[in-house]
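What follows is the residue order along each chain.
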Amino acid sequence: MTKLVLGIESSCDETAAAVVDEDQNVLSSVVATQVEAHAEFGGVVPDLAARMHTEAIGGVVTKALKDAELELKDISTIAVTQMPGLIGSLLVGVSFAEGLSLSTGLPLYGIDHIEGHIWSGFMQDPSLTWPLMALVVSGGHTALYRYDGLGQITMISRTVDDAAGEAFDKVAALLKLSYPGGPSVQKAAETGNPKAFKFPRGQVKKKPLHFSFSGLKTSVLYTLKGQDGLRSDINLENYSVPDVAASFQEAVVDALISKTFKALEAEKLKTLIVCGGVAANSRLRERLQERGEKRRIKVVVPPLKLCTDNAMMIAGLGAAYLKEGRAPDSIGLDAKARSSLSR
Ligand code: KG4
Ligand code: ZN
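Draft legend 1. Just the coordination of the zinc ion (ligand 2), in detail. Here the zinc ion (ligand 2) is held by His113 (NE2), His117 (NE2) and Asp309 (OD), and the distances to it run 2.1 to 2.2 Å. Within one chain, the residues donating to the zinc ion (ligand 2) are spaced in sequence as H-x3-H-x191-D. Taken together, the residues His117 in helix H4 (residues 113-124) and Asp309 in the loop between helix H10 (304-307) and helix H11 (312-324) connect sequence positions 192 residues apart. Across the pair, Asp309 and His117 agree in class, each one buried.

In structure tokens:
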């Protein structure tokens, strides 16, 4: 009988559960998002996130089983996000998964959220083979990885300051656009001129493949406040918000594209997975396809529901590990805010 994996994800502000079989078929996927609760604070509030995970997790896991018309006894293995993320949030998922494992005797895998994001590329395109490059670009992470096999991941470069999604969120706040910033900046940019302002492309001294987005954010701030940065209030009537949004978005996309393709060349790789929330950005997708075709690089960008935080990628990666014969982890998983893939 086909083995089934129950995946549980709670690393940030989505409580998610999914069932995926060993051939990577998704039987169910449930995501309870907290985005509205955090919107009034303009960012994720860790204590609130943990409390909301606690309230949601039982219902989310139950629904994932029910949607797949399964019971716990039908499951072979539980896979849970162990790291990296908000520690209070992670602990809710890990404790719940360990409770389930203890009460049912089911084996358990602790999964790295970043490898989960990268795995979403394999779920989107089962014909993918190692080695390949992955760009993980979200609200918490922006990094390039070389992926040589399950668990065999080498970080090539990362942001030295803000993540790209964080930059979208901060610039959206400056432009008084709604949270989360990515979608609202993208929308505003649709009618703007990407060449209206010349914003920096985030070069990092002596590290040509690393990313930096804090200078870009400051540059947008100074553009809006005047060069001395002293004007205390930003009067957006003096600026075209679509032009600022489009120019900012273009700067982020330029930086992501140029470093990613440089890294592909340096590592002599021909396949690229782009994942994480910012991979939803339509301008980034457009430019990736364009550059990929030009350079004969296969570019895989999973659809939105696989790009943003979800449990399909956790269950799917768990199923791949199960098929490979990885030994289960012991109870007492150490939830960690950081991992070797997030530093
Ligand atoms: O992967 P994700 O759902 O959560 C983590 O950070 O792990 O990513 C959320 C981030 C937010 O910063 C959000 O502003 C950004 O992804 N985002 C976008 C778009 N949609 C979401 N950024 C740019 N363009 C978008 N369309
Ligand atoms: Zn994520």
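There's plenty left to go through after this.
Draft legend 2. Inspection of the site of ligand 1 at higher detail. Ligand 1 sits among 19 residues. The nearest are Gly139, Asp169, Gly182, Gln186 and Gly277. Contacts to ligand 1 include Gly165, whose backbone N or O atom sits 3.1 Å from an oxygen atom. Between ligand 1 and Asp309 there is a distance of 3.3 Å, counted from an oxygen atom to a side-chain nitrogen or oxygen. For the shell around ligand 1, the elements supplying multiple residues, two or more each, are helix H5 (164-174) and helix H6 (181-189). With 4 residues, the single largest contributor to the shell around ligand 1 is H6. Residues from two domains meet in the shell around ligand 1; each of domain 1 (4-117 + 307-324) and domain 2 (129-304) gives at least three.

Draft legend 3. Representation of the sheet that holds strand E6 (residues 132-137) within the structure. With mixed pairing, the 5 strands of this open sheet are ordered in space as E8-E7-E6-E9-E10. At either margin of the open sheet sits one strand with a lone partner, and together these are strand E8 (152-158) and strand E10 (298-300). Mean inter-strand twist for the sheet, computed between neighbouring axes without regard to direction, equals 25°. In this structure, E6 lies alongside strand E7 (residues 142-149), joined through 6 bridges in antiparallel fashion. For Val137, the partnering residue across the bridge sits in E7 and is Thr142.

Draft legend 4. A look at the state of the cysteines. Counted by the stated rule, this structure contains 0 disulfides. Free of any disulfide, Cys12 has its nearest neighbouring cysteine sulfur in Cys275, separated by 15 Å. On the basis of relative accessibility, which here comes to 24%, the residue Cys12 falls in the partly exposed class. Cys275 forms no disulfide, and the closest cysteine sulfur to it belongs to Cys307, at a distance of 6.9 Å. Classification of Cys275 by relative accessible area gives buried; the value is 0%.

Draft legend 5. Layout of the packing of aromatic side chains. Throughout the structure, instances matching the rule amount to 9 aromatic pairs. Both rings, one in Trp119 and one in Phe122, keep their centres 4.6 Å apart while their planes meet at 5°; by these two values the pair is stacked. Note that Trp119 and Phe122 are positioned in helix H4 at a spacing of 3 residues, about one turn of the helix. Accessibility assignment for this pair places Trp119 and Phe122 in one class, buried. Taken together through their ring pairs, the aromatic side chains of Trp119, Phe122, Trp130 and Tyr147 make up a single cluster. Against the face of Tyr321 rests Arg326, its NZ or CZ located 4.3 Å from the ring centre.

What counts and what doesn't
Residues numbered from 1 in each chain as written. Chains lettered and ligands numbered in written order. Predicted model: local features only at pLDDT ≥ 70, side-chain atom pairs only at ≥ 80, totals over all residues. Heavy atoms only, no water. Donors = N, O, S within 2.8 Å, 3.2 Å for Na, K, Ca; no water. Helix = DSSP H or I, 4+ residues; strand = E, 2+ residues; numbered from the N terminus. Buried < 20%, exposed > 50% of the residue type's maximum accessible area, 1.4 Å probe, protein only. Near = heavy atom within 4 Å. Polar contact = N/O pair within 3.5 Å; in protein donor to acceptor, adjacent residues only side chain to side chain. Domains from an automatic or database assignment. Pairing = 2+ DSSP bridges. Axes fitted to C-alpha atoms, helices over the stretch in contact; angles between N-to-C directions. Disulfide = S-S within 2.5 Å. Phe/Tyr/Trp six-rings, centres within 6.5 Å; stacked < 30°, edge-to-face > 60°. Lys NZ or Arg CZ within 6 Å of the ring centre and 35° of its normal.

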